Amino acid sequence: MEEAAKLTREKDELILERDSMQAQLNLNQQRVSAEAIPRNCTEELEVAFSQFERTQEYFEWTIQELDEYRIKFTFLHESLAMDVNLGVRIYGPFQDEQKHREILEIKFTSKLADTAAAWAKLAHSMVLGAIKEEDLPRLYPTTVQLPQLLDQISLVVCRARQLATELEHLAIRHAASVENNDVTVEFSSLEAFAKFIVTFHFQPGDYPNKPIRTTFENIIGHTGEETVMNAIGEIQPGFSYLTKIVKKLDTILLLESYASSQSSASESD
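Residues numbered from 1 in each chain as written. Predicted model: local features only at pLDDT ≥ 70, side-chain atom pairs only at ≥ 80, totals over all residues. Heavy atoms only, no water.

Describing the overall build of the protein chain
Along the backbone of the protein chain there are seven helices and eight strands. Relative to its full complement of 269 residues, the protein chain shows a buried share of 35%. Contacts in the protein chain between residues far apart in sequence, at least 24 positions, make up 55% of those at least 6 positions apart. Just so you have it, the protein chain exposes about 15,800 Å², and 50% of that area is on carbon and sulfur atoms. (Helix = DSSP H or I, 4+ residues; strand = E, 2+ residues; numbered from the N terminus. Buried < 20%, exposed > 50% of the residue type's maximum accessible area, 1.4 Å probe, protein only. Contact = heavy atoms within 4.5 Å. Areas by Shrake-Rupley, 256 points an atom, 1.4 Å probe, with all protein chains shown as cover.)

Spelled out as structure tokens, the structure:
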């Protein structure tokens, strides 16, 4: 179909632009790591990365199958499929106007295995929970609206993928578990003799632009719920939201470790 071929060409052009942007961002990041650059410069770099992530939404989809009555798009490394079922041809009022097809149905299918990683399952849950597939044919009734449909779905997928990536990275240093859309992260320090758990309750479609509802449970030590919640409240929603919260809570443990070591040193004196 002409619409699908046009979408593919535009995507290829954007990929070239993305690769150029990525190369420049990587170079800038290396300079930040190697040189003593003022803090406001690193903040500007963070804004640039945020803008780059927003452009990533254009590259989330791939056309896997295409025939007269169906277009099959895939997302998230071909683990999530979107079938667009087509109806009759729609002719414009002018003879040379491009012919379009009616969109009858849009259905999503998750192809994740039961053994898939927890963060992959979370990404799928966030995408499927944010999309009301029964409403899509009404909002995007013909193939003329395919670019807008792909923009919307790709944005949702992009944000869910970013969340999954953040969770995968934080699980390297923290015990973390996922149940439905709830992510529980353990924070602990032997030096501070402290351990507490924070559960992040994610709502599909909200991350990373809205505050995350959180619950706190202290296991060992004297870390207070008010201290943790105030620290979380200091972080503004946006790029790498979950990662920034986790780093902030890690800082609380570092401060408690320092205070504990100072106390022990005073007692030994």
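Things to note about helix H6 (residues 225-233)
Taken together, the buried positions of H6 are Val-228, Ala-231 and Ile-232. For H6, the arc enclosing every buried residue in end-on projection is 100°, short of the 170-degree limit, so these residues lie on one face. In H6, the exposed positions angled more than 90 degrees off the buried face are occupied by Glu-226 and Gly-233. (Arc of directions from axis to C-beta.)

Description of the side chain of Thr-199
Checked against the element boundaries, Thr-199 lands in strand E7 (residues 194-201). At 3.0 Å, the side chain of Thr-199 and the side chain of Thr-184 are in polar contact. Discounting residues that sit within four places of it in the chain, Thr-199 has contacts with Asp-182, Val-183, Thr-184, Arg-213, Thr-214 and Thr-215. (Polar contact = N/O pair within 3.5 Å; in protein donor to acceptor, adjacent residues only side chain to side chain.)

Let's talk about the sheet that holds strand E8 (residues 213-220)
Read from one edge to the other, the open sheet built from four strands follows the order E5-E6-E7-E8, with strand pairing classed as antiparallel. If you trace the sheet from one side to the other, it starts and ends with strand E5 (176-179) and E8, each paired once. Across the sheet, the mean angle separating the axes of adjacent strands is 15° when strand polarity is ignored. The pairing of E5 with strand E6 (residues 182-189) spans four bridges and is antiparallel. Across the sheet, Val-178 pairs through a bridge with Val-183, a residue of E6. (Pairing = 2+ DSSP bridges. Axes fitted to C-alpha atoms, helices over the stretch in contact; angles between N-to-C directions.)

Points about the side chain of Ser-189
Mapped onto the elements, Ser-189 comes out in strand E6. What makes Ser-189 buried here is its relative accessible area of 12%.

Side note on the nonpolar core
Counting residues in hydrophobic clusters, the biggest one holds 53 residues, and the most contacted among them are Phe-75 and Met-82. Sorting elements by how many residues they give to this core places helix H5 (residues 146-170) first, with 11 residues. Every residue in contact with Phe-75, bar those within four places of it in the chain, is listed here: Glu-60, Trp-61, Leu-80, Met-82, Leu-150, Ile-153, Ser-154 and Val-157. (Core = buried A, V, L, I, M, F, W, Y, C linked by side-chain atoms within 4.5 Å.)

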